[in-house]
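# Coordinate analysis (summary)
Listed here are the chains, written in short residue letters.
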Amino acid sequence: MAPVAVGDVIPDGTLSYFDEQDQLQSVSIHSLAAGKKVILFAVPGAFTPTCSMKHVPGFIEKAGELKSKGVDEILCISVNDPFVMKAWAKTFPDNKHVKFLADGSATYTRALGLELDLSEKGLGIRSRRFALFVEDLKVKVANVESGGEFTVSSAEDILKAL
């Protein structure tokens, strides 16, 4: 399937997370994004170096600026189970705005056409690193990395695009 691109409507899909009461929740992407301005960014894996030290911290640090530009939700997706995503989210105690969502079987990642096969490295199917700016379900900015790069999908890159 061709990767999601500018002008496309994002597919709907169900992702999981733990809420403030530590209850496992499932949520549809459309329910989070319909009628809103949303940043949907994905990382190849929780607890991996670039994701943990650069990608996620950038969105946490720039959340205020992004919100001031009208962004309603900042959603981080990874092909990990919700328990791993909950544990990873706890490593960012300063986080107030980034919601960590689990796509354990890569179903949503595949629907976006942004899967990355890291089987040779023992990691299975993961997500390409990307950042999408979506307005009322329509992709306005699609910054998708090739391979394991981190050159176009940072919070700063999205701020520039806004």
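All values derive from a computational prediction rather than experimental measurement.

## Here we look at helix 2 (residues 49-68)
- Look at helix 2: 29 Å from first C-alpha to last across 20 residues, which is about the 28 Å you get at 1.5 Å a residue.
- Along helix 2, the sharpest kink reaches roughly 55 degrees, centred on Lys 62.
- Among all positions in helix 2, only Cys 51, His 55, Val 56, Gly 58, Phe 59, Ile 60, Lys 62, Ala 63 and Leu 66 are buried.
- On its buried face, helix 2 sits against strand 3 (37-43), strand 4 (73-78), helix 3 (82-89), strand 5 (98-102), strand 8 (130-135) and helix 5 (155-161).
- Remark: Gly 70 follows helix 2 within two positions and exhibits a positive phi of approximately 95 degrees.

## Notes on the packing of aromatic side chains
- The final tally for this structure, using the stated rule, is 6 aromatic pairs.
- Site record: aromatic cluster; members linked through ring pairs are Phe 47, Trp 88, Phe 92 and Phe 100.
- Cation over ring: Lys 86 sits above Phe 18, and NZ or CZ is 4.5 Å from the ring centre.
- Here Lys 99 stacks its cationic end above the ring of Tyr 17, 4.9 Å away from the centre of that ring.

## Things to note about the pairing of strand 9 (residues 138-144)
- The sheet contact formed by strand 8 and strand 9 spans 6 bridges and is antiparallel. Note that in strand 9 the partner of Glu 135 across the bridge is Lys 138.
- Linkage of strand 8 to strand 9, two consecutive antiparallel strands, is achieved through a turn of 2 residues, within which Asp 136 is found at a positive phi near 45 degrees.

## Some words on the pairing of strand 8
- Taken across its 6 residues, strand 8 has 5 buried, putting it largely inside the fold.
- In this structure, strand 3 lies alongside strand 8, joined through 6 bridges in antiparallel fashion. Opposite Ile 39, over in strand 8, you have Phe 133 as the bridge partner.

## As for the UniProt feature "active site" (unreviewed entry) in the protein
- Under the UniProt annotation, "active site" (unreviewed entry) lies at Cys 51.
- As for its placement among the helices and strands, Cys 51 is situated in helix 2.
- Residue classification places Cys 51 among the buried positions, given a relative accessible area of 1%.
- Dropping the residues within four chain positions of it, Cys 51 is found in contact with Val 43, Pro 44, Gly 45, Val 56, Pro 57, Trp 88 and Arg 129.

## Overview of unusual backbone geometry
- The phi angle at Phe 47 is positive, at roughly 70 degrees, despite the residue not being glycine.
- When you line up the elements, Phe 47 lands in the loop between strand 3 and helix 2.
- Given the relative accessible area of 46%, Phe 47 is considered partly exposed.
- Positive phi is not limited to glycine here, since Leu 137 has a value of about 75 degrees.
- Note on placement: Leu 137 falls in the loop between strand 8 and strand 9.

About the thresholds
Residues numbered from 1 in each chain as written. Predicted model: local features only at pLDDT ≥ 70, side-chain atom pairs only at ≥ 80, totals over all residues. Heavy atoms only, no water. Helix = DSSP H or I, 4+ residues; strand = E, 2+ residues; numbered from the N terminus. Expected span 1.5 Å × (residues − 1). Bend = angle between axes of the 7 residues up to and from the residue. Buried < 20%, exposed > 50% of the residue type's maximum accessible area, 1.4 Å probe, protein only. Contact = heavy atoms within 4.5 Å. Phe/Tyr/Trp six-rings, centres within 6.5 Å; stacked < 30°, edge-to-face > 60°. Lys NZ or Arg CZ within 6 Å of the ring centre and 35° of its normal. Pairing = 2+ DSSP bridges. UniProt positions renumbered as here; feature names shortened; annotations may be inferred.

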